[in-house]
Amino acid sequence: MEKKIIRVESEKAERLDYFVALSCKDLSRSYVKKLIQDGLILVNGKKLKSSYKVQNGDMIEVQIPEPKKIEAVAEDIAIDIVYEDDDLVIVNKPQDMVVHPAFGNLSGTLVNSLLFNISNLSSINGFIRPGIVHRLDKDTSGLIMVAKNNVSHRNLSDSLKKRDVKRVYRALVHGRVKSDIGTIDAPIGRHPVNRKKMAVTDRNSKAARTHYTVIDRYEDYTLLELELESGRTHQIRVHMSYIHHPVVGDPVYSNSKNKFGLDKQMLHAYKIGFDHPKTGEYLEFIQEVPEYFKGILSKLDKQSK
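Residues numbered from 1 in each chain as written. Predicted model: local features only at pLDDT ≥ 70, side-chain atom pairs only at ≥ 80, totals over all residues. Heavy atoms only, no water.

Chemist: Any chance you could explain the overall build of the chain here in plain terms?
Modeler: If you tally the helices and strands in the chain, you get six helices and 16 strands. Along the three orthogonal principal directions, the C-alpha set of the chain runs to about 65 × 50 × 35 Å. Put simply, the chain has 305 residues, and 47% of those count as buried. Pairs at least 24 residues apart make up 65% of the contacts formed inside the chain by residues separated by at least 6 positions. Summed over its atoms, the accessible surface of the chain is roughly 16,000 Å², and 46% of this surface lies on carbon and sulfur atoms. (Helix = DSSP H or I, 4+ residues; strand = E, 2+ residues; numbered from the N terminus. Buried < 20%, exposed > 50% of the residue type's maximum accessible area, 1.4 Å probe, protein only. Contact = heavy atoms within 4.5 Å. Areas by Shrake-Rupley, 256 points an atom, 1.4 Å probe, with all protein chains shown as cover.)

Chemist: Help me understand unusual backbone geometry in this model?
Modeler: A negative phi holds for most residues other than glycine; trans holds for most peptide bonds. Despite not being glycine, Asn44 has its phi angle at roughly 55°, a positive value. Here Asn44 lies in the loop between β2 (41-43) and β3 (46-47). For His234, which is not glycine, the phi torsion reads 60° and is therefore positive. Locating His234 in the fold gives a position in the loop between β14 (221-228) and α5 (235-242). Assessed through its relative accessible area of 18%, His234 is described here as buried.

Chemist: Mind showing me how you'd approach the sheet that holds strand β4 (residues 59-64) here?
Modeler: The strands that make up a sheet are held in pairs by hydrogen bonds between backbone atoms, and each pair lies either parallel or antiparallel. Pairing in this open sheet of four strands is antiparallel, and the strands run β1-β4-β2-β3 from one edge to the other. The open sheet has two edge strands with one neighbour each: β1 (2-7) and β3. Pairing of β1 with β4 involves six bridges; the strand directions are antiparallel. Paired with Ile5 across the bridge in β4 is Glu61. Strand contacts of helix α1 (residues 16-23): β1, β2 and β4, with the helix running at about 70° to β4, the strand carrying the most contacts. (Pairing = 2+ DSSP bridges. Axes fitted to C-alpha atoms, helices over the stretch in contact; angles between N-to-C directions.)

Chemist: Could you clarify how one ought to interpret the sheet that holds strand β11 (residues 198-200) in this entry?
Modeler: Strands sit in the order β11-β10-β12 across an open sheet of three strands; the sheet is antiparallel. Looking along the sheet, the strands with just one partner apiece sit at the ends: β11 and β12 (205-206). One ladder, built from two bridges, connects strand β10 (residues 188-190) with β12; its direction is antiparallel. Each residue of the ladder has a partner; that of Gly189, found in β12, is Ser205.

Chemist: What should I look at first to understand the pairing of strand β6 (residues 88-93) in this one?
Modeler: Across a regular strand the side chains alternate sides, sitting on one face of the sheet and then on the other. Of all six residues in β6, six are buried; the element is thus mostly enclosed. Burial along β6 is two-sided: the face carrying Leu88, Ile90 and Asn92 and the face carrying Val89, Val91 and Lys93 are both buried. Pairing between strand β5 (residues 80-84) and β6: four bridges, direction antiparallel. Among the inter-strand pairings, Ile81 is bridged to a residue of β6, identified as Val91. Hairpin remark: β5 followed by β6, antiparallel, with three residues in the connecting loop. As paired strands, β6 and strand β7 (residues 141-147) are joined by six bridges and run antiparallel to one another. What sits directly across from Val89, in β7, is Val146.

Chemist: Is there a simple way to think about the pattern of salt bridges in this case?
Modeler: Pairs may arise between side chains of opposite charge once their charged atoms sit close together. Under the definition given, this model contains 17 salt bridges. Lys12 serves as the salt-bridge partner of Glu14, at 3.7 Å between the closest nitrogen and oxygen. Classification of Lys12 as exposed rests on a relative accessible area of 54%. Notably, a salt bridge pairs Asp137 with Arg237, separated by 2.9 Å at the nearest N-O pair. One end of the pair, Asp137, is in the loop between α3 (110-117) and β7; the other, Arg237, is in helix α5, and 100 residues separate them in sequence. Several salt bridges converge on common partners, so that one network encompasses Arg15, Asp17, Arg29 and Lys33. (Salt bridge = Lys/Arg side-chain N within 4 Å of Asp/Glu carboxyl O.)

Okay, structure coming up:
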C-alpha cells in the first residue's frame, strides 16, 4: 500500500476530491472519489466526504492500494501483418482495437491477438504489454511496431526517444486549414480539470511539436498529412483541437457537428520509417487509409465538384 501525505497550504477552500486529484497528478478525480468512499483518504485522521472543503493546515493522508496484476492471454483474432522478420513485426492495427489489456478491457486487444499469432515477443513491458514498443489510440488505425525480442525492443525504444522514427499520419479535420504547411509547437500535459483528457498547458507539461501539410481542401474540411516530432498522448488530436481544426469524429476533443454519423475518428497512422534494430537498414512502410475513411473522402470529392 503506497501512502502519500499532503499538507494543505492554501486559503482557497476547494473540494477534497478536486484538491487531491490536483496534488496527485497520477490519480484521476474519479479514482480519488473511490478512495474517499473506501475510507482510504483521511483528513486529520478522519473520514470525510468528497465535498468537504479543505482548510489551510489540513493534513491529508492518501492510501493507494497496490494495483492488481493481470496477464494477457492468447486469443484467435486475425491481424493484418504488414512485415515480419526474426526481430520485429509491423502490424496494421484496425480502428476500434485497443493495443493492450487493462482492467475492464481484458480481451480483444492487439496483444491478445499477437500472443496467438506471433511465436515470440519481447518481455520488457511485462505480461500485459509483451512486444509493445509504442501505442496507438483505440480509435486510431494504422501502422504500429512490435518487438519480438528484448534487444530489438530496447533499440526501437531508443530510436523513438531520440526521435529517429518517422511517424506520419493522415487526418480529416474540420474547417479549411489556411496554410499549406505549418508546425504546431505547444506543450501538452494532463487537463487541469478532466484528468482523462490531455490539453495544451504550461503546467506539468512536456514539449510537443506536430508538423502538417495540406493534402486536399473541401468546403468545410481539410485532409492533412501530419508528422510527429514528439510523441505525447493524444498529441495530434489535442494539437488540432488547439488550432480549432479538430479531427472529424473525435469523441473527446471535437465539439463540431458530426454530419457523417461517425462513431470513430478519421485519424490513421499512414507511414512509419526507422532503422532496423539489428541490421541498421532503413525500413519504411506505408498503409493507405481504411475503407470507411476512403468512402467519406469520396463523398467530399463529389460534393466539391
